[in-house]
Amino acid sequence: MKLGRHNLTVKKSRPKVILTDGREEIELKEKRNLEVGEVVSAFIYDTSKDRRVATLEKPYIEVGQVKELKVVGKSGVGYFVDIGLDKDIFLPYQERAGRIEVGESYLMTLYIDKSDRYCVSMDIKEKLKKNDKFKINDIVKGTIYLLDARGAHVAIDGKYDGLVLKEELKGIYKVGDEVEARIQRILKDKRITLTLREKAYKQMHSDADMLLELIEDNDGVLNIGDKTDPEIIKEVTGLSKSAFKRAEGSLYRQRKVDLYPNKIELKNGN
């Protein structure tokens, strides 16, 4: 029976459960109280003894999905990855994305190779979606899945493809790093480019500069403040309310603005 998930019918329930697709039969690995004729969703895989069996247990990943998986071993030709079954799955060297470490977790996709065996790959780009929900200045979280000459490729929410251009990268990053970023541009083909956000105490200063520029572009008055709804603040500035308050507080301490419940004004002379 082919690898993957199948809807199968219980043909025998004792002493072992035997499932069938109408053409082939396969043994259920675990003991279950099932009735003959019952239809179940089973995952087919090879055990460590290279015997193909079915399981009703849910692995961490299905064929074609993208999930974060842990590398648990290494051999001369690749690595082994835990997907929640009693047999670890092979990650060939050519399917890794740069240097990786045993014990660390990375985004991967599960596939069936030419030898009819499960393997995993860190080449997930084609499995990720282009934009259908985000707006410019939205703050997002994601995981770096590839570093190359273009920059850092980021899986936003593990589902959407984004890119931090090389010139935007500051500091040292590696595959597997989780980052927070702002959506900088959405291209005509719906590809997303990102700019990384630093830790709050560092980001505050760049947020403050952005906020000051926004106030200046609006003739010195921005009609949002501490009492403004967080959704309106995010729509106007791209910042969460907490980030906005840090930024406006920074400008106030620099004596560049006056703060009011529902607006910010440049100080006279600025």
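In short, a report on the structure. (Residues numbered from 1 in each chain as written. Predicted model: local features only at pLDDT ≥ 70, side-chain atom pairs only at ≥ 80, totals over all residues. Heavy atoms only, no water.)

When helices and strands are tallied, the chain shows three helices and 18 strands. Over its C-alpha trace the chain gives a radius of gyration of 26 Å, far above what one expects of a compact globule, namely 18 Å for 270 residues. In terms of its C-alpha atoms, the chain occupies a principal-axis envelope of roughly 85 × 45 × 35 Å. Every one of the 270 residues in the chain was classed for burial, and the buried ones make up 41%. (Helix = DSSP H or I, 4+ residues; strand = E, 2+ residues; numbered from the N terminus. Rg over C-alpha atoms; globule rule 2.2 N^0.38 Å. Buried < 20%, exposed > 50% of the residue type's maximum accessible area, 1.4 Å probe, protein only.)

It is worth spelling out the nonpolar core at this point. Ranked by size, the top nonpolar core spans 22 residues in total, and within it Val-81, Leu-91, Met-108, Val-120 and Met-122 carry the most contacts. The dominant element in this core, judged by the number of residues it contributes, is strand β9 (residues 105–112), at three residues. Setting aside residues no more than four positions away along its own chain, Leu-91 makes contact with Gly-78, Tyr-79, Val-81, Arg-96, Ile-100, Met-108, Val-120, Ser-121 and Met-122. Grouped together as the second largest cluster of nonpolar side chains are 16 residues, Ile-224, Ile-233, Ala-247 and Leu-251 included. (Core = buried A, V, L, I, M, F, W, Y, C linked by side-chain atoms within 4.5 Å. Contact = heavy atoms within 4.5 Å.)

With that settled, the discussion passes to the sheet that holds strand β18 (residues 263–266). Across the sheet, three strands lie side by side as β16-β18-β17; this open sheet has antiparallel pairing. On the outer flanks of this sheet lie β16 (221–222) and β17 (257–260), each paired with one strand and no other. Where β17 and β18 come together, four bridges link them in antiparallel fashion. Paired with Asp-258 across the two strands is Glu-265, which belongs to β18. Strands β17 and β18 of the sheet are contacted by helix α3 (residues 241–253), whose axis makes an angle of about 135 degrees with β17. (Pairing = 2+ DSSP bridges. Axes fitted to C-alpha atoms, helices over the stretch in contact; angles between N-to-C directions.)

With that settled, the discussion passes to a negative patch on the surface. Side chains of Asp-209, Glu-213, Glu-216 and Asp-217 sit close together on the surface and give a patch of like negative charge. Within the secondary structure layout, Glu-216 lies in helix α1 (residues 200–217). Note on Glu-216: relative accessible area 46%, which makes it partly exposed. (Patch = residues over 30% accessible without salt bridge, like charges linked within 9 Å, V, L, I, M, F, W, Y side chains within 5 Å. Areas by Shrake-Rupley, 256 points an atom, 1.4 Å probe, with all protein chains shown as cover. Salt bridge = Lys/Arg side-chain N within 4 Å of Asp/Glu carboxyl O. Lys, Arg positive; Asp, Glu negative; His and termini not counted. Charge placed at Lys NZ, Arg CZ, Asp CG, Glu CD.)

Because the α-helix completes a turn every 3.6 residues, residues three or four places apart line up on one side. Between its first and last C-alpha, α3 extends 18 Å over 13 residues, near the 18 Å set by a 1.5 Å rise per residue. Listing the buried residues of α3 in full gives Ala-243, Phe-244, Ala-247, Glu-248, Gly-249, Ser-250 and Leu-251. Arg-255 sits one or two residues past α3 and shows a positive phi near 60 degrees. (Expected span 1.5 Å × (residues − 1).)

In this fold, Glu-104 is placed in the loop between β8 (89–92) and β9. Accessibility expressed as a relative area gives 43% for Glu-104, which makes it partly exposed. Remark: the alpha-carbon pair of Glu-104 and Val-71, spanning 33 residues in sequence, is separated by 5.9 Å.

Next up on the list: the pairing of strand β12 (residues 151–156). Most of β12 is tucked away, with six of its six residues classed as buried. With six bridges connecting them, strand β11 (residues 139–148) and β12 associate as antiparallel partners. Pairing of Thr-143 across the sheet is with Ala-155, part of β12. The turn joining β11 and β12, which pair antiparallel and follow one another in sequence, is formed by two residues.

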